[in-house]
Amino acid sequence: ENQVFKYYAEGEWKKSASGKTVSIVNPTTRKTQYNVQACTQEEVNKVMEAAKAAQRQWARTPLWKRAELLHKAAEILKENKDPIAECLVKEIAKPAKDAVTEIIYVGAVDFKVVRSGDLLSYTAEEGVRILGEGKLLLSDSFPGNERNKYCLSSKIPLGIVLAIPPFNYPVNLAVSKIGPALIAGNSLVLKPPTQGSVAALHMVHCFHLAGFPKGLISCITGKGSEIGDFMTMHPGVNCIRYCAAGHYSFTGGDTGIAISKKAGMIPLQMELGGKDACIVLEDADLDLVATNIVQGGYSYSGQRCTAVKVVLIMESVADEFVEKVNAKMAKLSVGTPEENCDITPVISESSANFIEGLVMDAKEKGATFCQEYKREGNLIWPLLLDHVRANMRIAWEEPFGPVLPVIRIRSVKEAIHHCNASNFGLQGSVFTKDINKAITIGDAIESGTIQINSAPARGPDHFPFQGLKDSGIGSQGIVNSINMMTKIKSLVINLP
Ligand code: G3P
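Residues numbered from 1 in each chain as written. Predicted model: local features only at pLDDT ≥ 70, side-chain atom pairs only at ≥ 80, totals over all residues. Heavy atoms only, no water.

1. Focus on the nonpolar core
It is characteristic of soluble globular proteins that their nonpolar side chains tend to be buried jointly. Definition in use: In these notes, a set of buried Ala, Val, Leu, Ile, Met, Phe, Trp, Tyr and Cys residues joined through side-chain atoms within 4.5 Å is what counts as a nonpolar core. Buried means the residue's accessible area, taken with a 1.4 Å probe over protein chains only, is under 20% of the maximum for its type, while exposed means over 50%, and partly exposed covers the values in between. Helical segments are the DSSP runs of H or I of at least four residues, strand segments are the runs of E of at least two, and each set is numbered from the N terminus. Here a residue-residue contact requires only that any non-hydrogen atoms of the pair lie within 4.5 Å.
Counting residues in each nonpolar core, the largest one holds 68 residues, and the members touching the most others are Leu182, Leu190, Met203, Phe207 and Phe212. Sorting elements by how many residues they give to this core places helix α7 (residues 197-210) first, with 9 residues. The contacts of phenylalanine 207, once residues within four sequence positions are left out, are Leu70, Ala73, Leu120, Ile178, Leu182, Phe212 and Ile217. In terms of nonpolar packing, the next biggest core, distinct from the first, is built from 56 residues, Val310, Val325, Leu404 and Phe431 among them.

This is the structure in structure tokens:
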């Protein structure tokens, strides 16, 4: 407890020359749990130099060997799930069962597989196929040309990938960047979120144990406000993969747009939050809807980019729906992550204050509270807000907490209009038994993914995952990630 952890660079664990550390506050106790190194800009420079040197060698390492190492790291990660999960419980108050889920995916149908470890193995398998294939083009298919040019194109790495995962998935959303980067022949510099750093360092240790070359992976800890811009604007970086969580950001104020402006001419992939709407039609199976709303809206206390963030329900079935959801919500346990409660403290006091601000605004403007609003420290009891209207902040803003607004609608058109008026466009759901309606509505909503008869979710991790509008740029998912971290190089053979 209250240990000081070193950062990882050039294959070694190091103390920062700054002599300073950053404390990680446990959201439950609100006391310092761990400390990590406050790395300096000079240390960032050294990491980038080592990453470049290692990457040159790595790009020449046979693909099958890269894959072999990733499989090894996956195994070690699976073996070490318990200490990593323990950090997640302490650093980000993830309930113990969900903390293991981040490494082990125990979903609604109880997948007994190790999520992050399997993500790595799957990445290695896809990588050998995607990267093991090139293309041959013949010149005479283009008008005016003879068959005297043969173009051989293949995928090459970008160089150094900078990965910045969010606090809510510091392991899984790091691994989802590390795996594709490495299989494609890149090196990877990880800047974990402050809360989540220690879990990330433990995860990086698994890569260290797997025996990756020195400098190929590094993990720099410190304050985003001090080294954030320096890293995103670093000339050594060839690709940035960034995820925000709620209203938090890496540098303490930057939006995705600000990062993209600073980053320069390099590929970017960003996941920047959402206001995922669930549209419920009259013919929907309301028991199925209620189960999905409670799971989708309140798991990890609503701190998921893909959490259900607004319900748009037809007025005629709204009362029955609210009754069913309330009955399920009454069964949610509220307390500490150690006790495996469903609802645990949100990440920080400022987050709890932000959530409370949204709730109070809705109260003043006449929303109906289905439960009593209750808060103790960072712990907020789950709340369903009925009769929410468009003039309330919670109709549009992302709480990143266990509070969910319900807007009663009179037509499908109204629902689509609400979704498309949002700045966000990550995911959305439609609940109906009429597949034609589901497809038509799904088509009309401006979101990266629409789920039919299920709450939004990123996984399985090989599915494409992307946001439109302010929800992001680029696409995740294993295949998309591998492709995104490569570029095409051609060799043209010219015959006389
Ligand atoms: O908030 C992170 C986002 O990627 C959600 O992932 O698996 O909870 O849908 P998941």
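2. Some points on the environment of serine 16
Heads up, the condition is: Two N or O atoms form a polar contact when they lie within 3.5 Å of each other; inside protein one atom must be a possible hydrogen donor and the other a possible acceptor, and for residues adjacent in sequence the pair counts only when both atoms belong to side chains.
If you trace the backbone, serine 16 turns up in the loop between β3 (12-14) and β4 (21-25). Sequence separation between serine 16 and tyrosine 150 is 134 residues; the distance between their C-alpha atoms is 52 Å. Excluding anything up to four places from it in sequence, serine 16 contacts Tyr7, Gln37, Ala38, Cys39, Thr40 and Glu43. One polar contact links serine 16 to glutamate 43, side chain to side chain, over a distance of 2.8 Å.

3. So, the packing of aromatic side chains
This is how the line gets drawn: Between 30 and 60 degrees the pair is tilted, below 30 it is stacked and above 60 it is edge-to-face, where a pair is any two Phe, Tyr or Trp rings, Trp via its six-membered ring, whose centres lie within 6.5 Å.
Taken as a whole and assessed by the stated rule, the structure comprises 5 aromatic pairs. With 6.0 Å between their ring centres and 75° between their planes, phenylalanine 167 and phenylalanine 400 make a pair best called edge-to-face. Placement of the pair is phenylalanine 167 in the loop between β8 (160-164) and α6 (172-183) and phenylalanine 400 in the loop between β18 (383-386) and β19 (403-409), with a sequence separation of 233 residues. Here the two residues phenylalanine 167 and phenylalanine 400 agree in accessibility, since each one is buried.

4. Considerations on the sheet that holds strand β15 (residues 368-369)
Test applied: Strands are labelled as partners when DSSP assigns at least two bridges between them.
In space, the 7 strands of this open sheet follow the order β15-β18-β19-β14-β13-β21-β22, with mixed pairing throughout. One side of each edge strand has no neighbouring strand; the edge strands of this open sheet are β15 and β22 (449-452). Pairing of β15 with β18 involves 2 bridges; the strand directions are antiparallel. Note on β18: the bridge partner recorded for phenylalanine 369 is leucine 385.

5. Description of the sheet that holds strand β6 (residues 135-138)
Put simply, the rule is: Angles run from 0 to 180 degrees between N-to-C directions of axes, and those axes are lines fitted to C-alpha atoms, restricted for helices to the stretch in contact.
Reading across the sheet, the 3 strands line up as β6-β7-β27 and stay open at both edges, with antiparallel pairing between neighbours. Only two strands of the sheet have a single neighbouring strand rather than two, namely β6 and β27 (486-494). Adjacent strand axes in the sheet meet at a mean angle of 25° when their direction is disregarded.

6. Focus on the site of the ligand
Where we set the bar: Whether a residue is near a molecule or strand depends on its heavy atoms: it is near if one of them lies within 4 Å of it. A 1.4 Å probe and the Shrake-Rupley method give the accessible areas. Residues count as covered only by the protein chains that appear here.
If you check the shell around the ligand, you find Arg115, Asn168, Tyr169, Leu173, Glu271, Arg304, Cys305, Thr306, Ala457, Arg458 and Phe465 and nothing else. Here arginine 304 contributes a side-chain N or O atom positioned 2.6 Å from an oxygen atom of the ligand. Between the ligand and the protein, one listed contact pairs an oxygen atom with a side-chain N or O atom of arginine 458 at 2.7 Å. Calculation on the ligand without its partners gives an accessible area of 310 Å², and the protein chains cover 98% of this total.

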